[in-house]
Amino acid sequence: GFWPPKTCPDCPRSAKKFAVSNEYKNAPKAWWCAQRYYMDALANLVRTFPTAKYYFLADADTVVFTSVLHKLLRLLDTEVLSPGQDLYMGHGRILSIGRFVMSGGG
């Protein structure tokens, strides 16, 4: 697994702060470190498994119901996606990647 550091350098002064950050503007530094190192984890995952059909990233406190996940993947394979077509499922702010599913805690 990939575990982000608990401390990291401060964000550059030039880093944009978006109004949509809401309550996260005051989040602990460890939370911000995890957000910044997420892309490193994703890059490592793709380098380690370059031919994987799917990539699944979850936080350490996420519960995964594997039987439901397998059914979802089977549905995507047989009824939703064409060969070579991509689908992003997760959070996004401004995305220009086509179809995606927004998800999160609730």
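Residues numbered from 1 in each chain as written. Predicted model: local features only at pLDDT ≥ 70, side-chain atom pairs only at ≥ 80, totals over all residues. Heavy atoms only, no water.

A. View of the overall build of the chain. A count of helices and strands for the chain gives 2 helices and 2 strands. Starting at the N terminus and walking to the C terminus, you meet the elements of the chain as α-α-β-β. Across the chain, contacts joining residues at least 24 apart in sequence account for 34% of those joining residues at least 6 apart. As presented, the chain carries roughly 9200 Å² of accessible surface, and 58% of it is formed by carbon and sulfur atoms. (Helix = DSSP H or I, 4+ residues; strand = E, 2+ residues; numbered from the N terminus. Contact = heavy atoms within 4.5 Å. Areas by Shrake-Rupley, 256 points an atom, 1.4 Å probe, with all protein chains shown as cover.)

B. Up close: the pattern of salt bridges. As enumerated under the stated definition, the model contains 1 salt bridge in all. Asp77 is paired through a salt bridge with Lys53; the nearest N and O atoms lie 3.3 Å apart. Of this pair, Asp77 sits in helix α2 (residues 66-80) while Lys53 sits in the loop between α1 (29-48) and α2; the two residues are 24 residues apart in sequence, bridging distant segments of the chain. Look at Asp77 and you get partly exposed, because its relative accessible area is 36%. (Salt bridge = Lys/Arg side-chain N within 4 Å of Asp/Glu carboxyl O. Buried < 20%, exposed > 50% of the residue type's maximum accessible area, 1.4 Å probe, protein only.)

C. Here's a closer look at the environment of Lys53. For Lys53, a relative accessible area of 62% translates into the label exposed. A C-alpha to C-alpha distance of 9.6 Å links Lys53 and Gly84, two positions 31 residues apart in sequence. Within polar-contact distance, the side chain of Lys53 engages the side chain of Asp77 at 3.3 Å. (Polar contact = N/O pair within 3.5 Å; in protein donor to acceptor, adjacent residues only side chain to side chain.)

D. Region of interest: the confidence of the model for the chain. When the pLDDT values of the chain are averaged, the result is 76; 74% of them are 70 or greater. The least confident element of the chain, judged by mean pLDDT, is strand β2 (residues 100-101) at 52; the most confident is α2 at 93. (pLDDT = per-residue confidence, 0-100.)

E. Spotlight on α1. Relative to the 28 Å expected for 20 residues at 1.5 Å per residue, α1 spans 28 Å between its end C-alpha atoms, a close match to the ideal helical length. A bend of about 35 degrees at Tyr37 is the largest found in α1. (Expected span 1.5 Å × (residues − 1). Bend = angle between axes of the 7 residues up to and from the residue.)

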